[in-house]
Each structure stands twice: as structure tokens, then as C-alpha cells.
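What follows is the residue order along each chain.
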Amino acid sequence: MKRRHFIKASLATGGMAAFPGLILGAANRLRVGSDVAAITSNGGETTLARGLIRDFADSLNGPLLLPGTDGYDAARALWNGMFDRKPALIAECSGAADVVHAVNFARENNLLLAVRGGGHSIAGKSACEGGLMISLKRMNGVRVDRQRRRARVAGGAVLRDLDHETIALGLATTSGTVSHTGAGGLTLGGGIGRLCRQHGLTSDNLISADIVTADGRYLRASEQENAELFWGLRGGGGNFGVATSFEYQLHPFANEVLGGVILHPLERASEVLKFVNDFSRQAHRELSLSANLLAMPNGRGFVSISATYSGDLRKGERHLAPLINYGKPIRMGLQRTLYSRLQVSNDRVLAYGRKYYMKSGFVPEISAGFANELVQRLEPSSQREMVIVLTQLGGAIRDLPDDATAYAHRYGEFDLMVGAAWDDPGHSQDNVAWGRDYFGAVQEYTEGFYTNSLMDESATHINANYRGNYPRLLALKNTWDPHNLFRLNANIAPTAGAGEVTQGAG
Ligand SMILES: Cc1cc2nc3c(=O)[nH]c(=O)nc-3n(C[C@H](O)[C@H](O)[C@H](O)COP(=O)(O)OP(=O)(O)OC[C@H]3O[C@@H](n4cnc5c(N)ncnc54)[C@H](O)[C@@H]3O)c2cc1C
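About the criteria used
Residues numbered from 1 in each chain as written. Predicted model: local features only at pLDDT ≥ 70, side-chain atom pairs only at ≥ 80, totals over all residues. Heavy atoms only, no water. Pairing = 2+ DSSP bridges. Helix = DSSP H or I, 4+ residues; strand = E, 2+ residues; numbered from the N terminus. Contact = heavy atoms within 4.5 Å. Axes fitted to C-alpha atoms, helices over the stretch in contact; angles between N-to-C directions. Near = heavy atom within 4 Å. Polar contact = N/O pair within 3.5 Å; in protein donor to acceptor, adjacent residues only side chain to side chain. Nonpolar A, V, L, I, M, F, W, Y, C, P; charged D, E, K, R; others polar. Phe/Tyr/Trp six-rings, centres within 6.5 Å; stacked < 30°, edge-to-face > 60°. Buried < 20%, exposed > 50% of the residue type's maximum accessible area, 1.4 Å probe, protein only. Domains from an automatic or database assignment. Buried area = accessible area lost by both parts, 1.4 Å probe. Salt bridge = Lys/Arg side-chain N within 4 Å of Asp/Glu carboxyl O. Core = buried A, V, L, I, M, F, W, Y, C linked by side-chain atoms within 4.5 Å. Arc of directions from axis to C-beta.

1. A look at the sheet that holds strand β6 (residues 132–135)
So, step 1. What the four strands build is an open sheet, ordered β3-β4-β6-β5; its pairing is mixed. Either end of the sheet is taken by a strand with one partner, and the two such strands are β3 (64–65) and β5 (113–116).
So, step 2. Summarising the sheet, β3 and strand β4 (residues 89–92) pair through two bridges and their orientation is antiparallel. Pairing of L64 across the sheet is with A91, part of β4.
So, step 3. Each of β4, β5 and β6 touches helix α5 (residues 96–108); the most contacted strand, β6, lies at about 165 degrees to it.

See the structure below:
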């Protein structure tokens, strides 16, 4: 008997009384009744022997969940309720060692593999049908080094965890605008938020990451160690491994900001969009703006301007005067408020588990023609809520050259997001068709899309979207993941491990 097994066996019998409250390892909780059918990386079928699964469970500190076990359905649930994928196994990793074991298990058994951080993948890529899902949900610790202004954040932390620990200490880094988004997925694809015009993308603030690569190695990537891999992690998404922790640069930050939402009638939408386009050109870096069109199932609609000014507040008030004095708003919600409050203000609107369809594209300006298309095509429907968001970019994002990191979209002035949300599955087909049509009609005004908003783009489109950084990313993929173990993402299909390279199921 292996020493590890022996220790667990003795604890499970007489030894246990000596350690009241001790939680037994996963193997002791898991009953595997029979062999388990699973899906391989290229969509084939395989069978995992029950003994093999038991040994795998035994190697983990966190639980291994199978269909029917407690917590399985909660663990596989994703933000986008359009995707109801049932992995054969879910490894709820408790730390880097579990991740190493899980990556090795997936590779050795040629399993389709999904990696879940915060579960916000719009395309549902963080769960897979029949494969192994590595869930990092339990790995959400954040440790702030106040002196050095750095935060070390575990790979499954969500933005709420990051903001909560840093803001209380008078520090912050760029984070996204919905607090239940995973810091992991967001960082690996870029990271756009209320502070990005001031401090750059979240990935621009990354100092290092610990990562488990496809061969099961546990490495640090930074400017000093594995520098090329570090370059690829900042925009290349989940292509190169599982990041078990991230180290971020923090900035001094007073939580009080000037921020909120101004509502105007939908009938004024074209003019409001023009105003936002013009005003955004002279916006300070401390200001982050977005213009939003909303059409509700009850037929009501609005155009809104969201703003956050995170610099000196008096200066901000002067700077925002044209915005405050513009038009005749239905509601003026711009005020002195807390950034931490704004950071959770969208959480309920974009709730977990509803059904969503979303498409993104970067735009150089909100031209009159583009604004008219956006507005005229937005007809309220009782089947869905519709939201069109134009988030201002630029500022510090553009301080770096295009090839400074793998993120290839520093040129974008705005990120367009076309979205629909609904609950009734009977409306899914129509609502997806609406999203495709609407986006299709305005796509000519866009150039490239945000990798983190991947939806249903083709492999060719995904490759092209990495723009000039694609050859370097492909070389990295060939080096670090030649058999495409990490394929459920904005996938860079390797050319080095020929024969085994397909997009796979999931
Ligand atoms: C409601 C909502 C709001 C959003 N708001 C913003 C925003 O304000 N700014 C912004 O920039 N983006 C935003 N996004 C997009 C978001 O950045 C992506 O959806 C991102 O992938 C979410 O990361 P996650 O960890 O939650 O996702 P998951 O679904 O868990 O993961 C998505 C993919 O990321 C990879 N991944 C995640 N964690 C790791 C890890 N630790 N190691 C390796 N790979 C990993 C995997 O490939 C996985 O398939 C938003 C998305 C949603 C749904």
C-alpha cells in the first residue's frame, strides 16, 4: 500500500478519533460504482476504469465530482445558462498541486479538458460535455503586499475578491465591471474596466503568474522567468496552461469617485451617441465612459451614459460639466460615490444562470452612420432584453506598442458589445438569430473583437483576430501545448503536434 493510501486508510478507521473534525481526502468521500464513459480531446469516446478514477480522486486534496455526487450540478453551472454541459469528472482543485494532478490526468487519458475560473465564458467554454473540468472556484485567496503595492491572487478568484482586499488598503488595479467575473479569464484575455484608461489593461498590470503547463510542469512566468510565455499569457487567453495565481501591480486609490449613470430617452439615442463620441475625444484618462442602448421586453427603452472619474474630484466636476449639462436627462445619476459600489452595480442585471447571446467588436469611432444603424435596428421585443454597450478605451491602453503583450487590440477607441438576455429556453433560437442579425448588420463598422467576448467565431476568424501577434502565439502554442490540451478557449490550434489537432467537442 502506498504511504499516502495507508495514512488515509488508518485515519478512516481507528486513527480518526484522534483528529476530530478532520476532513478526509476526496477518495474517502467518493464512491465510484462503475467505469465512467468520457470524451477525448478530439471528440472520441473512452472509458475510464473505476480504479483509475479512485486513484485520481485520491491524488487530490479538493473533491472530485461525478454526475450524481453532491455539488456536481452547482460546480458545472456557468454564467451563461445557454450552456448545460455535463463533464464526466469535475476536479475542484484546492491548490496548485491538485491542478498538476488534474492536468496530468487529462493529458495521460487524452481527455477533453475545460478550465473554469469565474465561469463567465460567454461561449460556455469553461465546462465540457463528457470531459474533465478543472474548477478553480476554491482557489480564491488574495494577499496584498501594501509596501510593494502588489497583490497575489489565486487563479479562481473573482473580481469581488480582488477589489475587496485592495480597495480597503487604499490600492487598486484595473478590474472589470461585474464583480462575479473571474480575475483569471479576464486577465489572460486583457481586462477592460473603469480604471483601464488610467492604468492600462488588467494584463498590463500583471507582474507574474504561476502556471501549470500541458506537460504538468509548474512554472513562474514574468519578465525575468519564461518571459516569452509571460508575453503570451497577457492576451493569449487560456491557451498555454492553468494559471494558479496572478501577481498584480497596484496603484494608490481613493475609493471616492465621481460616477454613475445618466439616462436619456431612447428617441434621442443618435444624438447622445454623437455627443459621447465627441466628448470622449477630449476625455481625461481618469474618466471612463460608456454609452448604452437598452430595450426592455415591456417596450421601454433608454440610452444611458455611464461615467467614472477616478482622479481629483474637483477637477472631475469641471471636466464632466459638459456631460452633466448635456440635453434633458430622464435621470441624472452622476454623483460623488464609491468606486466599490459602482463595481457591484451591474451584478444583478447580468445575473448568473440566465440565457445570453453576446457579440463584440472594436470600433474606431461612433460615426453618424454607425450610430443610426445601432439605433434603427433596436426594436424592443417581448422575448428579450437587449443591450448595446460602447465602452471607451484608449488612454493608458495605448501607451504600449501592439506587440508589447499578446493583446492585439490597443487601437480600439470603443468596444462594442451587442447583447440579449432572456430566461425562457423557448426563445433561445429567435434571440440568438436576433443577435447574429443585429451584429451582422453593424459588423462593417468594427475591426476585430475582444478575445474575452468570444462567442461563435470561426477558427479562421479567431486566428486572424490575434493580428500581428498570431505567429508568435502559434510558436508559443507549439512549444507549450503541441497537442492542444488547452483547446476550449479562443483557441490557437498548434501545428507542431500534427495528427492530434482538432477543435474537439465541448
Ligand atoms: C457578465 C460579464 C461581464 C464582463 N465584464 C467584463 C469587463 O468588465 N471587462 C472585461 O475585460 N471582460 C469582461 N467580461 C468578459 C470576461 O473577461 C470573460 O468572460 C472572461 O473569460 C471571464 O473569465 P472567467 O474566469 O470568469 O471565465 P471562465 O468561464 O471561468 O473561463 C473562461 C476561459 O478563461 C480561461 N481561464 C479562466 N481562468 C483561468 C486560469 N486561472 N488559468 C487558465 N485559464 C483560465 C479558460 O480558457 C476558460 O475557458 C465579462 C463577461 C461577462 C459574462
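2. Side note on the site of the ligand
So, step 1. Close to the ligand lie 33 residues; G117, G119, S126, I192 and Y450 are nearest.
So, step 2. Between the ligand and S126, the relevant distance is 2.5 Å, taken from an oxygen atom to a side-chain nitrogen or oxygen of the residue.
So, step 3. G182 is positioned with one of its backbone polar atoms (N or O) 2.8 Å from an oxygen atom of the ligand.
So, step 4. Broken down by element, the shell around the ligand gets its largest block of residues, four residues, from helix α7 (residues 183–189).
So, step 5. Across the shell around the ligand, the residue classes tally to 13 nonpolar, 18 polar and two charged.

3. Concerning the packing of aromatic side chains
So, step 1. The tally for this structure, following the rule as stated, stands at 11 aromatic pairs.
So, step 2. Centre to centre, the rings of F246 and Y248 are 6.1 Å apart; their planes meet at 20 degrees, and the pair counts as stacked.
So, step 3. Classification of F246 as buried rests on a relative accessible area of 1%.
So, step 4. A ring pair is formed by Y407 and Y450, whose centres lie 6.5 Å apart and whose planes are at 75 degrees; its orientation type is edge-to-face. On the criterion of sequence distance, the pair formed by Y407 in the loop between β20 (385–392) and β21 (414–422) and Y450 in the loop between α15 (428–442) and α16 (459–465) is long-range, its members being 43 residues apart.
So, step 5. By relative accessible area, Y407 is classed as buried at 1%.

4. Quick look at the domain arrangement of the protein
So, step 1. Once the domains are mapped, the protein shows domain 1 (34–135), domain 2 (142–252) and domain 3 (256–453).
So, step 2. Using C-alpha coordinates to define each centre, domain 1 is positioned 24 Å away from domain 2.
So, step 3. Counting residues at the interface gives 12 residues for domain 1 and 15 residues for domain 2.
So, step 4. Roughly 920 Å² of surface becomes buried between domain 1 and domain 2 when both sides are summed, with 72% attributable to carbon and sulfur atoms.
So, step 5. The interface formed by domain 1 and domain 2 contains zero salt bridges.

5. Focus: the side chain of S360
So, step 1. Tracing the sequence through the fold places S360 in strand β19 (residues 355–363).
So, step 2. For S360, a relative accessible area of 2% corresponds to the buried category.
So, step 3. In this structure the side chain of S360 is engaged in a polar contact, spanning 3.2 Å, whose partner is the side chain of D415.
So, step 4. Of the polar contacts made by the side chain of S360, one reaches the backbone nitrogen of Y450; its length is 2.9 Å.
So, step 5. Those residues within four positions of S360 in sequence are excluded, and the remaining contacts are D415, L416, M417, F439, G448, F449, Y450 and S453.

6. As for the nonpolar core
Across soluble globular proteins, nonpolar side chains show a tendency to be buried alongside one another.
So, step 1. Residues L293, L323 and L374 are the most contacted members of the largest nonpolar core, which totals 61 residues.
So, step 2. Discounting chain neighbours no more than four positions away, the residues touching L374 are L273, L293, I388, L390, L416, Y438 and V442.
So, step 3. Grouped together as the second largest cluster of nonpolar side chains are 37 residues, V144, A221, L474 and W480 included.

7. A closer look at helix α17 (residues 470–480)
So, step 1. Taken as a whole, α17 has its buried residues at Y470, L473, L474, L476, K477 and W480. Across the axial projection of α17, the buried residues extend over an arc of 160 degrees, all falling on one side. Exposed and facing more than 90 degrees away from the buried side of α17 are P471 and T479.
So, step 2. Contacts made by the buried residues of α17 are with β11 (218–222), α9 (227–233) and α16.

8. Remarks on the sheet that holds strand β10 (residues 206–212)
So, step 1. With respect to topology, five strands assemble into an open sheet ordered β7-β8-β12-β10-β11, the strand pairing being antiparallel. With one partner strand each, in any of the chains shown, β7 (142–145) and β11 form the two edges of the open sheet. Between one strand and the next, the sheet's axes are offset by a mean angle of 15 degrees, whatever the strand orientation.
So, step 2. Pairing analysis gives five bridges linking β10 to β11, with the strands arranged antiparallel. Paired with S208 across the two strands is S222, which belongs to β11.
So, step 3. Across the sheet, helix α6 (residues 159–167) lies against β7, β8 (150–154) and β12 (242–249), angled at about 30 degrees from β7, the strand it touches most.

9. Description of the environment of Y339
So, step 1. The topology assignment puts Y339 in helix α13 (residues 339–342).
So, step 2. Along the sequence, Y339 and F253 sit 86 residues apart, while their C-alpha atoms lie 9.8 Å from each other.

10. Concerning the pattern of salt bridges
So, step 1. All told, the structure shown has 28 salt bridges when counted by the stated rule.
So, step 2. R285 is the partner of D399 in a salt bridge, and the nearest nitrogen-oxygen pair spans 2.8 Å. Here D399, found in the loop between β20 and β21, pairs with R285, found in the loop between α10 (269–281) and β15 (287–295); they are 114 residues apart in sequence, far enough to count as distant.
So, step 3. Its relative accessible area of 48% is what places D399 among the partly exposed residues.
So, step 4. One salt-bridge network, held together by shared partners, links R150, R152, D210, R220 and E247.

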